[in-house]
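# Examining the three-dimensional arrangement
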Amino acid sequence: MNNIVTEMSGAASVQNKPAVNKAPIFTAKNVDVYYGAKQALDKINLDIPRNKVTSLIGPSGCGKSTFLRCLNRMNDLVDICRVEGDIQLEGQDIYAPEVDVVALRQHVGMVFQKPNPFPKSIYDNIAYGPRIHGLTSSKSELDDIVEWSLQRAGLWKEVSDRLQEPGTGLSGGQQQRLCIARAIAVRPEVILMDEPCSALDPIATATIEELIDELREKFTIVIVTHSMQQAARVSQRTAFFHLGNLVETGATKTLFTSPEDERTQNYITGRIG
Amino acid sequence: MSPENAATAAKLNITAGNRSKTVEMIVTGVLIACSLVAILVTVGIVFSLLFESLRFFERVPMSEFLFGTKWSPQTALRADQVAADGAFGAVPLITGTLLISFIAMCVATPLGLFSAIYLSEYASKRTRDWVKPLLEILAGIPTVVYGFFAALVVAPMLRSTGESVGLNVSSESALAAGLIMGVMIIPLISSLSDDVINAVPQSLRDASLGLGSTDSETIRNVILPAAIPGIAGSLLLAASRAIGETMIVVMAAGLAANLTANPLEAVTTITAQIVALLTGDQEFDSAKTLSAFALGLLLFIVTLILNVISLKIVNKYREQYD
Amino acid sequence: MTSMLTTPTRLRKSREASETRFKWFGRGAIALSLAFLVFMVGSIILQGKGALTTSEIAVTVDLSADNIDPNDIEATSFDSLMKKSLRETFPEVTSRGDKRKLYGLLSVDLGFELRDQIIADPSLLGGPQKLWFTASDDADLVLSGTVDRNLDEENRRMSDLEISWLETLEQSDSTNREFNTKFFTNGDSREPELAGILSALMGSILTLSVCFFVSFPIAILAAIYLEEFAPKNRLSQFIEVNINNLAAVPSIVFGLLGLAMLLNTFGLPRSTPLVGGLVLSLMTLPTIIIAARASLRAVPPSIREAALGMGASPVQATFHHVAPLALPGILTGTIVGMAQALGETAPLLMIGMVAFIADVPSSIVEPAAALPVQIFLWADASERAFVEKTSAAIIVLLVFLVLMNLMAIYLRKKFEKRF
């Protein structure tokens, strides 16, 4: 079993194949999710392509956030939640008993709906992940990671002179970019974003959207959004969820211009929502 | 008046209802009076302690009371005896109180904190529903029971353990009293800290776990730092409880006013001395009796300061995350 | 790279080890605390068990007219009759010292016990009768096996001679163990075998009644004012701070208040349930107020709005609608407060409820003891047999506390409403 895993991951790994890897990074097959007796997701089949932005859209309660949280097993935190089916990251079943959730989350990071910086300094917020994962061996390396992450998150210019100030003192948009910087500091393969802009004003939202577009070249991004405009602006692929079903998935442009399913049509034209 | 008449004649009266204004005022007055009882009790405590203490300080200077290192309040058999009023230096009592409270906190802090952490972060709901009430039982057991247990079981046990390793443990040691007092305040620390830890927003846990930290890393690096003020408040409250605890020390720590930091020796505390001074027959104007009130005042002031600080901290902490 | 998901690195292994360690610290802390609870309660129950039974010794007493005049029973010297009967049971005892030891097998009340049995059943009179008497505390400890008979003579209170007497009695079926009713029907006594908890129990009940009738109405009204009517001004804030602080003031300070104010200034009678109850009520006041406010706060504003919307005055809305809904919660808090008061000892010591009280109090202005104070007094007594009695009294106290708390839990469960 281990052999197969290593082989498969070796074959799929980006580093081993510098050429563009067309294989999806995540494949979900027949995923069912239950909260107690209530079924929240029904037979979801979805591939997440690498180095692209995939957006999950749909009316509230449709299961899009639930699916997102399956991808790094944040659902484990909910006692009554049960996940069935098969989700593979680089060909490896992430719900297999031998999988280490902690290691998984190092590879699949997450940005939450509400900015949630730790009540620590800006520097320590970013440095926390690399520290626990032992990514650095010296202070200067750590400094470099912090700077690189803040640069990538477009926050460096604004905070470089006050790294020791508490992260909670930043504005909402800055806090969210801090959370993104914190997530990329551990060099994940995938970043999950759960409605990252819903608590932000339009200007801050625009900044984050630009950032998402830039991050695409290094990371795979899955974003849940309730705004169809946002999905259209930032993502290359879109999946539409409705009442626990994955109704339709496809290239963002196609999905928004000529949807195949009637429900998708109704949603994007505002008849259901 | 016919119904139609009533409808037309009755001008809508919205300035005075048919209820009695006087009754409402009386009721409100009674309510206010009842809530003023709380203030009255505080005032009563302050005045009775202050009044008797002032009478004590007429006889014994305050500096001697606060800085004297010898405590032997025996009144003389004959009134004309030399040094008829004994010595009233409260320092050995204060150090004794601090020593026992310190031992108690050393026992209760790790046990209470780890219990709270386990219950709030690891335990399943079912375990929590079982274990929490069981721990609370420790807080519900009367202190006289702890005192009995400390004197009858724990002290002899420590004594014989001490003998077997060649240590001389007094039969009324600070250690026995402190250990048992520590057990008594475990639930105080665990339930207060539990509240505090639960108040840390879930989003911070999500953030840390989402970065791939383990549960314990999340607790140590994110939750505890965020909860520190609240935990400090609960520890202060527990310390104040330990300082004011009476029956355990009366029964297990004894009355020997030794100035020592050795937990194996007998020490006495402020509360134990108050009990010793005021039980049995007493004349109300001897310095011996009055000194109990001075001790009471000291105890009241110290615990009040601790309580005010801890309540402030805890409230401020709550507001931060509300 | 993703193989990292399953094959842990060295760092990951050590992180996992520290995770496991941390978890075990938590489990250990809880286990240790609960183990202590079990150890303490268990050892007290084991010790107190002995006090629930008591030993009796049968002595044949000649109740013929030679010894007792049937027309004037009271004129008899019951004590000397009993002593004579004991000497006849063991005719070999001659020296004065040994005789005294022989009498010591029975409780000092032996004469009274004989008289009470005769008065209860005059038909006993006329000839020799085998009657049962309470054994002394030392004899009881030997008979119950609490004191080891094979111990060195110097290490026990009973001599070999006394033990040989007891063994003679045992062989002639003249000893018996039965449920100790005296423990529940007698007041305190200097003699452990006669000591009971009734006086202390009555004292506690009277004290708690005073405490309840004073603190409950005041607390509930204060809570209603603070929660429903008080304007958010300095005064209500001050009251609130006051209440929170009072809840954390050491109990002995309340005792000092009682001593200085109630006894010395107002001249209320010392050592009585009246004063004890008043002091305890001041202590429980904050507990009940805090609980009552919490349950008033739990009544949703929609109920208030509904009542006010129908034209009820604020006072009417509160007393007709809000307070009744909050009552179960308030009662729960009150019971918890009362349970605390029941176990409280230190303030009662301050107001003199530590006197030796053998009589069962019948009113709140008679001197009385209280259960926890009785425990304190017995724990201090030197006789070995009082250790058992203390533990048994603790068991009784704990039983009452458990019952009260169960009642509180029952109330909470029964009326727990999700508004």
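Residues numbered from 1 in each chain as written. Chains lettered and ligands numbered in written order. Predicted model: local features only at pLDDT ≥ 70, side-chain atom pairs only at ≥ 80, totals over all residues. Heavy atoms only, no water.

- An unreviewed UniProt entry annotates chain C as Phosphate transport system permease protein PstA originating from Paramylibacter ulvae.
- According to UniProt, the comment filed for chain C under the heading Sequence similarities (unreviewed entry) is "Belongs to the binding-protein-dependent transport system permease family. CysTW subfamily." (UniProt positions renumbered as here; feature names shortened; annotations may be inferred.)

- Where an unreviewed UniProt entry is consulted, chain B appears under the name Phosphate transport system permease protein, with the organism given as Paramylibacter ulvae.
- Note on chain B: under the UniProt heading Function (unreviewed entry), the record states "Part of the binding-protein-dependent transport system for phosphate; probably responsible for the translocation of the substrate across the membrane."
- As recorded by UniProt, the Sequence similarities (unreviewed entry) comment attached to chain B reads in full: "Belongs to the binding-protein-dependent transport system permease family. CysTW subfamily."

## Quick notes on the overall build of chain B
- What chain B contains, in helices and strands, is 12 helices and two strands.
- Helices and strands in chain B line up, N terminus first, as α-α-α-β-β-α-α-α-α-α-α-α-α-α.
- Here chain B, with 322 residues, has 52% of them falling under the buried criterion.
- At a minimum sequence separation of 6, the contacts of chain B that also span at least 24 residues come to 72%. (Helix = DSSP H or I, 4+ residues; strand = E, 2+ residues; numbered from the N terminus. Buried < 20%, exposed > 50% of the residue type's maximum accessible area, 1.4 Å probe, protein only. Contact = heavy atoms within 4.5 Å.)

## Focus: the pattern of salt bridges
All names here are of chain C.
- Applying the stated criterion across every chain yields a total of 26 salt bridges over all chains.
- The closest approach of N and O atoms between R115 and D116, which form a salt bridge, is 3.5 Å.
- Classification of R115 as partly exposed rests on a relative accessible area of 26%.
- Of the charged contacts in the structure, one is a salt bridge between E228 and R304, with a shortest N-O distance of 2.8 Å. Residue E228 is found in helix 8 (residues 198–229), and its partner R304 is found in helix 12 (residues 301–309); the two are separated by 76 residues along the sequence. (Salt bridge = Lys/Arg side-chain N within 4 Å of Asp/Glu carboxyl O.)

## Observations concerning the interface of chain C and chain B
- At the interface, 73 residues of chain C touch 79 residues of chain B.
- Summing both sides of the interface, chain C and chain B together bury roughly 6,300 Å²; the carbon and sulfur share of this comes to 80%.
- Sorting the residues of chain C by area buried against chain B places F22, I30 and L256 of chain C first, and these three jointly supply 10% of that buried surface.
- The interface formed by chain C and chain B holds one salt bridge in total.
- One salt bridge connects E217 of chain B with R15 of chain C, and the closest N-O pair in it is separated by 2.7 Å.
- Linking chain C with chain B are nine residue pairs in polar contact (both at pLDDT 80 or more), by the criterion used here.
- With 22 residues, the single largest contributor to the side of chain C that touches chain B is helix 1 (residues 10–49) of chain C.
- Classifying every residue of the side of chain C that touches chain B gives 52 nonpolar, 15 polar and six charged. (Buried area = accessible area lost by both parts, 1.4 Å probe. Polar contact = N/O pair within 3.5 Å; in protein donor to acceptor, adjacent residues only side chain to side chain. Nonpolar A, V, L, I, M, F, W, Y, C, P; charged D, E, K, R; others polar.)

## Notes on the sheet that holds strand 3 (residues 175–179) of chain C
Residue and element names in this part refer to chain C.
- In spatial order, the strands read 2-1-3; together these three strands make up an open sheet with antiparallel pairing. Each of the sheet's edge strands pairs with one partner strand only, and the pair in question is strand 2 (128–134) and strand 3. Across the sheet, the axes of successive neighbouring strands diverge by a mean angle of 35°, strand direction being ignored.
- Alignment of strand 1 (residues 53–62) against strand 3, held across five bridges, turns out to be antiparallel. Residue pairing in the sheet places S55 in a bridge with R177 of strand 3.
- Strands in contact with helix 2 (residues 78–89) are strand 1 and strand 2; relative to strand 1, the strand with the most contacts, it is inclined by about 90°. (Pairing = 2+ DSSP bridges. Axes fitted to C-alpha atoms, helices over the stretch in contact; angles between N-to-C directions.)

## Observations concerning a nonpolar patch on the surface
Residues and elements named next belong to chain B.
- A cluster of nonpolar side chains, namely V43, V46, F47, L50 and L54, defines an oily patch on the protein surface of about 440 Å² accessible area.
- With respect to the element layout, F47 can be found in helix 2 (residues 21–59).
- The exposed category is assigned to F47, whose relative accessible area is 56%. (Patch = residues over 30% accessible without salt bridge, like charges linked within 9 Å, V, L, I, M, F, W, Y side chains within 5 Å. Areas by Shrake-Rupley, 256 points an atom, 1.4 Å probe, with all protein chains shown as cover.)

## Remarks on the environment of C106 of chain B
Residue and element names in this part refer to chain B.
- Mapped onto the secondary structure, C106 falls in helix 4 (residues 91–122).
- Of the residues examined, C106 reaches a relative accessible area of 41% and is grouped as partly exposed.
- Note: C-alpha distance between C106 and G182 (76 residues apart in sequence) is 7.4 Å.

## A look at the pairing of strand 1 (residues 26–35) of chain A
Residue and element names in this part refer to chain A.
- Counting buried positions along strand 1 yields seven of 10 residues, so the element is predominantly enclosed.
- In this sheet, strand 4 (residues 81–89) lies alongside strand 1 in antiparallel orientation, the contact comprising eight bridges. Within strand 4, the position partnered with Y34 by the bridge is R82.
- Sheet topology note: the strand 1/strand 2 (residues 38–48) ladder contains seven bridges and is antiparallel. Residue pairing across strands places V33 opposite L41, the latter belonging to strand 2.
- Between strand 1 and strand 2, which follow one another and run antiparallel, lie two residues, and G36 among them has a positive phi close to 65°.

## Some words on the sheet that holds strand 5 (residues 92–93) of chain A
- Taking strand neighbours across the sheet as the criterion, the four strands line up as 2-1-4-5 (chain A) in an open arrangement whose pairing is antiparallel. A strand with exactly one partner marks an edge of an open sheet, and here the two such strands are strand 2 and strand 5 of chain A.

## Some thoughts on the interface of chain B and chain A
- Opposite the 18 residues of chain B that make contact, chain A presents 22 residues.
- Of the roughly 1,600 Å² buried between chain B and chain A on both sides combined, carbon and sulfur atoms contribute 66%.
- Among the residues chain B hides against chain A, the three largest losses belong to D206, G210 and L211 of chain B. Together they make up 36% of the total.
- If you look at where chain B meets chain A, you find one salt bridge.
- Across the pair D206 of chain B and R69 of chain A runs a salt bridge, and its minimum N-O distance is 3.9 Å.
- In this structure, the connection of chain B to chain A is made through seven residue pairs in polar contact (both at pLDDT 80 or more).

## Section: the UniProt feature "transmembrane region" (unreviewed entry) in chain B
All names here are of chain B.
- As annotated by UniProt and renumbered to match this structure, "transmembrane region" (unreviewed entry) occupies residues 26–51, 98–119, 139–158, 165–189, 222–243 and 290–309.
- Overall, residues 26–51 shows 100% helix and 0% strand. The separation of its end C-alpha atoms is 35 Å.
- The straight-line gap between the two end C-alpha atoms of residues 98–119 is 30 Å; of that span, 100% is helix and 0% is strand.

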